[in-house]
Amino acid sequence: MSRPYKVMLVAAEASGDVLGAGLARALRQRLGAGNVVFVGVGGEAMAEEGVESPFDFRQLSILGAIEGLMAYPRVMQKVAETAALAQREKPDIAVLIDSWGFTLRVAKALRAADPQLPLIKYVAPQVWASRPGRARILAGAVDHLLATQSMDAPYFEREGLPTTFVGNPGLTRDFKDADQARLRQAIGVGPDDPVLLLLPGSRPAEVERLMAPFEAAVNILKATRPGLQLVLPVANTVTDKVRSRAAGWLHPVHIVEGDDLKFDAMQAATVALACSGTVTTELALARCPMVVAYKVSAITGWIVRMVIRTPYINLLNVAAGKSIAPEFLQEDCTGPKLAKALAERLDSPALRETQVAAQMAALETMGRGGPDPAEKAAEVVAGFLVEKTAAT
């Protein structure tokens, strides 16, 4: 090929940004740094790998049915901008990462503009949990699926969509360099002080809904545990919002930024209170017991209850087939209920040990220890690029 391959990567939220950056690194290593260039939509992680996004992808961080309807014009404008970027740059392939609503619309726009452009979806919608009809919709929109959960493939393959299980990227997180002493020194707490880790999410809507019950739980716990230290790692997508909300809390919070201190904090924590999401897998890998919370609008919650097919939303619990990390959702996501579950774990080393063991067993079920998902995903993408080149 006389020119470098041009790969379009599209992500619409923080977790997808990390996946896109990992895929870019793996592709560069596989194809050679001078043989591939990247265009697309992403955040800071992808920008470090050379993806110059035409707009701030935080504008696409939407959670809930009502919010989605209100944001529809903005989303469609960003879909149009993404499609226009593809028309200008003429990529050899497009990889659409997670974010079902946005990336599906982008896929349709790209397919309409260039029916020959290979489209790969990275991360499947969880049709085994709800809305199985999405498998057929996706099969009609893209050419290949890179699945991150072992249970994904059958649902899509029966609809005729070739699927490769690449593995869960969260399971490759290595905590060997994490240092809880470094975290404790950074925030000025003693080696034996109990630490409550607070993780209210990486989306603005998650922070808006979870900071209040998190604060209420903290107030209850601190009333009888004045020595309890509060640590809040903040995602760069919500830094200002989290700092603003935490500034009004009755009890001071140690806010830390950056992945290094976040992973240090996961190992330093006695227990964590976390928004359901990829961070719970990281906590499990760090051997940190956790309580899981999630909250959406009442209307969205009603819709979810109507379509969901699993009793759990957290992948650790789904993998285990039982509740090992307690979940507090919607009306159950209250300060008193969260505080009670956290207090039980703060007060019982035996309970913490039992939960950590169960979490580690769930990680094994999920495929911990497998090959690097980014490298497997890069292998598939590179295969498409080579095949396309050979055909031209």
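The shown structure was predicted, so the numbers you read here are calculated from the model rather than taken from an experiment. (Residues numbered from 1 in each chain as written. Predicted model: local features only at pLDDT ≥ 70, side-chain atom pairs only at ≥ 80, totals over all residues. Heavy atoms only, no water.)

(A) Region of the structure containing the pairing of strand β5 (residues 144–147). Neither face of β5 is exposed, since His144 and Leu146 on one face and Leu145 and Ala147 on the opposite face are all buried. Once the chain exits strand β4 (residues 119–122) it traverses helix α5 (residues 134–139) before rejoining the sheet at β5, and the crossover so formed is right-handed. Both β5 and strand β6 (residues 163–165) contribute to a ladder of 3 bridges, which runs parallel. Along β6, the bridge assignment pairs Ala147 with Phe165. (Buried < 20%, exposed > 50% of the residue type's maximum accessible area, 1.4 Å probe, protein only. Helix = DSSP H or I, 4+ residues; strand = E, 2+ residues; numbered from the N terminus. Right-handed = clockwise from strand over helix to strand, strands pointing away. Pairing = 2+ DSSP bridges.)

(B) Region of the structure containing the pairing of β4. Burial of the side chains of β4 extends over both faces: Leu119 and Lys121 are buried on one face and Ile120 and Tyr122 on the other. One ladder, built from 4 bridges, connects strand β3 (residues 93–97) with β4; its direction is parallel. Opposite Ile97, over in β4, you have Tyr122 as the bridge partner. Each parallel crossover has a hand, and for β3 linked through helix α4 (residues 100–113) to β4 it is right-handed. By the bridge criterion, 3 bridges tie β4 to β5 in an arrangement that is parallel. Within β5, the position partnered with Ile120 by the bridge is His144.

(C) Main features of the sheet that holds strand β12 (residues 327–329). If you walk across this open sheet you meet the 6 strands as β9-β8-β7-β10-β11-β12, and the pairing is parallel. Pairing within the sheet leaves two strands with one partner each, and these edge strands are β9 (254–257) and β12. Taken over all neighbouring pairs, the strand axes of this sheet differ in orientation by 20° on average, direction set aside. Two strands pair when backbone bridges link them, and strand β11 (residues 290–294) and β12 are joined in this way by 3 bridges, in the parallel orientation. Its bridge partner lying in β12, Ala293 is registered against Phe328. Packing of helix α9 (residues 239–246) onto the sheet brings it into contact with β8 (229–234) and β9, and relative to β9 it is tilted by some 170°. (Axes fitted to C-alpha atoms, helices over the stretch in contact; angles between N-to-C directions. Contact = heavy atoms within 4.5 Å.)

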